[in-house]
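If you want the building blocks of each chain, they are given just below.
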Amino acid sequence: MAMGAASTGSFSGLFSVPALAEEVQRQNKKCILLWLCGGPSQFETWDPKPGTSTGGPYGAIRTDIPGIRVSSLMPRCSQMLKDLAIIRSMKTGPTEHFQAIDALTRGDTPRRPFTRPILGSVIAQQLGQLDSPVPQFVLLDPCPEGNEFKGFKAGNWAGWLGAEYGPVRAGGKYRLPNVDRAEGLSEADHEQREALRNFFSRKFENEQRGEAAAGFNAAFHRVKGLMSCAPLFDLEKLPAADRERYGPGAYGQHALLARHLVENGSTFVMVANGMPWDCHVLNHETYQMLVPELDNVLFQLIGDLKERGMLDDTLVIAMGEFGRTPWLNEARGRDHYPNAWSLALAGGGIRPGTVYGATDELGIDVSENVVDNRRLFATLFSALGINPHQEFDLPGLPTFHRVEEDAQPIREVLA
Amino acid sequence: MLVFLPVLLTGSGLLRGDDQEKRSTPDPAEGIWRTHVEPLLKSNCRKCHNGTKKSGQLDLSTLASTLEGGKKGPAIVAGEPDRSLLFQLVQKEGRPHMPPAGKQLSEEQLAILANWIRKMKPSHSGERSSPPPTPEPSPTWLPPENGDPTTVIDLMIQARWKKAELPVASRASDDQFVRRIYLDLVGRIPTLAERQQFIEQRLSDKRVKLVDLLLNSEEHANYLASVFDTLFMGRGDEGQYANRQKTGWNGFLQKAFLEDRPWDQVVRDILLARPRENGQSGSTWFLYERNNKHQEIAEAIGPAVFGLRIECAQCHDHPLASEIEQRHYWGLVAFFRRGKNVNTQNGPRISESAIGGFEEFSDLSGTSHPNFLVFFGREKVNESRPAGKQKDDPKNYLAAGKEHEPKIPRFSRRQKFVDEVLARHPLVARAMVNRLWALLMGRGLVHPFDKIDSAHPPSHPILFEWLSRDFEAHGYRPRRLIRALVLSQAYQLDSRKPAPDSDPALFSWSLEKPLVAEAWTRSIAQLLRNQPAANQGSLLSSFRSNFPDVLPEEKISRLSQAMFLSNGESLQRFISESGAPQHLRKQLLALPDHSARINQLYRAAFSRQPDPEELTQGVGFLEQRSNQPERAIDLLLWAIVTSSEFRINH
């Protein structure tokens, strides 16, 4: 199915001039998603409401954009806002993690019978070099747990595109598991036994016409490539000074690794770490640690990409699946809140120094320029030169679009 | 994060921003329109049936315009999906079929529409509603009540083949059958001797004989117990597996299958968790391992016992299968809410309090409801709700029973559950029938196997019903059912898909069944060491964590799994350490030549002869490495046990 999908999925007017221009625009585009799973609070990050009943104990500080303030927990980003685009008017539907993660990583709520691929799978398929040994879609997540996120990770990420567009998962000790050849097994032995395995399996697969057999066999085809680029995943090989700058936490180290991977040929890297942002208990105390780390990581990452001349081609997204309630619960935590929340974008295709949308005085609702998950995804795809409205008419599936409902990208946020 | 206490839900911060006024009994059909029907029509129908295009003069963009209908009249007859044109035309046999161009709404989407129309009050359209019609058309032929189950399966499955007019695979050869039945019933490939003995037999009923032999073996009971452990408890870490062994949980399941205990009794023991004799001690572990997490317990009982997934009903009635209501979710939690893990001299037990557990849950509109003792398909169990705070009193409990056992409340919610909800609940049989069918046939009569609800109609409704009744009528004995399934014609078909577009729900060929971790490692150990149990330790645990699935909804393979098989230490080591005289490597080396080796290996691993091409490849591989014969064999063995032919039961 994936093959058919890929061919149907190509632009119809491939040889027309605009399409060629689009192709050029798409070259070398990359994306890093800093996935803030659990749902970060907008009040303690991009949309502070100091001195109000909802604002919490932290103040707001000036930024390098006159008139714009962010949480005092983000001193570094405050001096880098000219490089970012902040959306303060996110308003989405799902209130529970699983459904919200689904909607905010796939761009839409489920629509059976087909499964919409995750952002990384679409971008890997559209912009990636699929013959490259370097994995095009990488999920860096050292934490195998994470409540609903754990369940979500076990699901079908690549959807109708097919398993080959799913992520390579790494994390933990910052290395890929099982990349080293067993001791005493020569490279030739390793390759030739695989050739034999493939021969046996292929024969079986063809005779049976079995999908499980085919999928199982296909997974082996990427083993050699991944082994060859295992050193890329080795953080130890990166300069100590870099590692220090990103801080001791797993999230920072993985953000650094994400930079390293896109520098070396990955197309989409998603950085996650379980579900730390879900602070139903003691919100302020926890955020005192979480937000400064994010502040630094984002600052380092954007700075590095800029310094390397990669920022224009690399879209950086920092977001979770929803925001947090304006009010505190009995455990002094903030609960899930999809009605009015914020996120940050930077780099490729994004107009820097933009602050889009706003919430009311107490942050209870969006007061201007509502953005939902569809508009967000239309914006992300447009920023990368991917047609957000492409229509798909695949056998056995309802007609669907990359982004439904003709949702319009946010022009003000696009470069 | 899961919200563990229903009381917390009531005050959930999210709802505070909304208006909390209690609406006058909202129309359920209107709610469903907004949340489910409109999005469905929008994405599937509105390309043509919109305000401007109005194909067939039908506009499906608003509730009002939908009810207005089109050129052919009203689209909807309130309360009666089967008389509603909109519903008729989206059926598989609808003419003209909608949506056009070969598109078909899924079963789930059809269920949404039917459910919505059924819930619609007559005021929504001009027509009066009559009582809901029986959903199933009357069958042309009903199997006799006391028929032979295998015969009934064959007739009912054949009837659908005939209707579909699609090619059906031929009968599986003895080679194929012997490998398949060993893998399915005892979780390993047959030994060369077992295979040969079967193939050489000249009896016409030799398949029946083999099935009975395997079904009565301890190996069968132990394998089935391991599969049910995963289905009931999920995968665990090594500590959890050790506990399941130590506390007698594994033994409890093994004994249940070895003695072919009535399944309703087994489930009752697990949920009541009050072992009557010491041999049953492990029955408490289903509840105990969940460590007083009562929502987790309820969410585990749903699929394990009733074949239902109920998580969706935590915050609202199930959106697709609205018969599963929010009160059922919280009711099921309430039945187990008073339980508490205790460690006694007799082992782990679940005590039960006589008081407490009266809570409220809140629906999406913010209205609170008491968590009555009620579960799907059964009347509410009456229990008086105290007005104020309760005080416990020894009088609330029965006089002490067995020594060291927790005291039992006079009004025991768990006892009520097993007596008044579980006993004779029709889903207990259905869940077991569907699960065993899925395990043996590669797909449930209801798919996925643990969603037996109105949104997932069975592929063979009459057969499903008949088998469930038959299972009940014959004392809930798993063995009789398993026997009937594996002796059926459909089970014994060839595994080659007869046509590219064959529908797996017709069971017209033997579907692919990826081996569970236990069967795969047992087969590797059987092949390499002639000893299926020789896989304890790192081989089994690494396969369990890399291949956790049992009956997955989608059979997906991951790159990380291929990496594990290619480079993981445990498999590599198991192969290289299989060097004893009785192990395969040595036995192959003792054979006169390479072609004898390849032949023997194919018979042992795949239960067939290699074809000439395979033989050439295999012999060539060994010849190239004549100076290192042992290593050559190991490389070859790796290629065999990681091949898709080995990995998939077919």
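About the cut-offs
- Residues numbered from 1 in each chain as written.
- Chains lettered and ligands numbered in written order.
- Predicted model: local features only at pLDDT ≥ 70, side-chain atom pairs only at ≥ 80, totals over all residues.
- Helix = DSSP H or I, 4+ residues; strand = E, 2+ residues; numbered from the N terminus.
- Rg over C-alpha atoms; globule rule 2.2 N^0.38 Å.
- Buried ≥ 20, exposed ≤ 12 C-beta atoms within 10 Å, placed from the backbone.
- Contact = placed C-beta atoms within 7 Å.
- Pairing = 2+ DSSP bridges.
- Nonpolar A, V, L, I, M, F, W, Y, C, P; charged D, E, K, R; others polar.
- Axes fitted to C-alpha atoms, helices over the stretch in contact; angles between N-to-C directions.
- Left-handed = near helix turned anticlockwise from the far one by under 90°.
- pLDDT = per-residue confidence, 0-100.

Draft legend 1. Layout of the overall build of chain A. Secondary structure summary: chain A contains 13 helices and 16 strands in total. Here the C-alpha radius of gyration of chain A, 22 Å, is about what a compact globule of 415 residues would show, namely 22 Å. Each principal axis of the C-alpha distribution contributes one length, and for chain A these read about 70 × 50 × 45 Å. Taken over 415 residues, chain A has a buried fraction of 53%. Summarising the internal contacts of chain A: among those between residues at least 6 apart in sequence, 73% fall at separations of at least 24.

Draft legend 2. Molecular detail of the pairing of strand β4 (residues 84-90) of chain A. All names here are of chain A. Counting buried positions along β4 gives 7 out of 7 residues, so the element sits mostly inside the fold. The pairing of β4 with strand β12 (residues 354-356) spans 3 bridges and is classified as parallel. Within β12, the residue paired with Ile87 across the bridge is Tyr356.

Draft legend 3. Broad picture of unusual backbone geometry. At the junction of Arg95 of chain B and Pro96 of chain B, the peptide bond is cis and its omega measures out at -10° in the coordinates. Residue Pro448 of chain B is reached from His447 of chain B by a cis peptide bond, and omega for that bond is -5°. With respect to the element layout, Pro448 of chain B can be found in the loop between α18 (426-441) and α19 (461-473). In this model, Asn178 of chain A sits at a positive phi of 55°, which is unusual for a non-glycine residue.

Draft legend 4. Region of interest: the interface of chain A and chain B. The partner chain B presents 51 residues to the 54 residues of chain A that form the contact. Contributing elements (two or more residues each) for the side of chain A that touches chain B: β6 (168-170), α7 (187-208), α8 (211-220), α9 (223-228) and β10 (336-337) of chain A. Looking at the side of chain A that touches chain B, the element that brings in the most residues is α7 of chain A, giving 11 residues. Considered class by class, the residues forming the side of chain A that touches chain B number 22 nonpolar, 16 polar and 16 charged.

Draft legend 5. Here's a closer look at the packing of helix α22 (residues 538-546) of chain B against helix α24 (residues 569-576) of chain B. Residues and elements named next belong to chain B. For the pair α22 and α24, the least separation of the axes is 9 Å and the interaxial angle reads 145°. Of the two possible hands of crossing, α22 and α24 adopt the one that is left-handed. From α22, Ser538, Leu539 and Ser542 reach across to α24, where they touch Ser570, Leu571 and Phe574. Within the contact of α22 with α24, the residues separate by chemical class into 3 nonpolar, 3 polar and no charged.

Draft legend 6. Local environment of the confidence of the model for chain B. Residues and elements named next belong to chain B. Summary statistics for chain B give a mean pLDDT of 88 and a share of 92% for residues scoring 70 or more. Per-residue pLDDT stays below 50 along residues 1-25; that stretch engages in 42 contacts with residues further than four places along the chain or on separate chains. Taken together, the stretch residues 124-138 has pLDDT below 50 and engages in 21 contacts with residues farther than four places along the chain or on a different chain. With a pTM of 0.77, the predicted complex shows an ipTM of 0.79.

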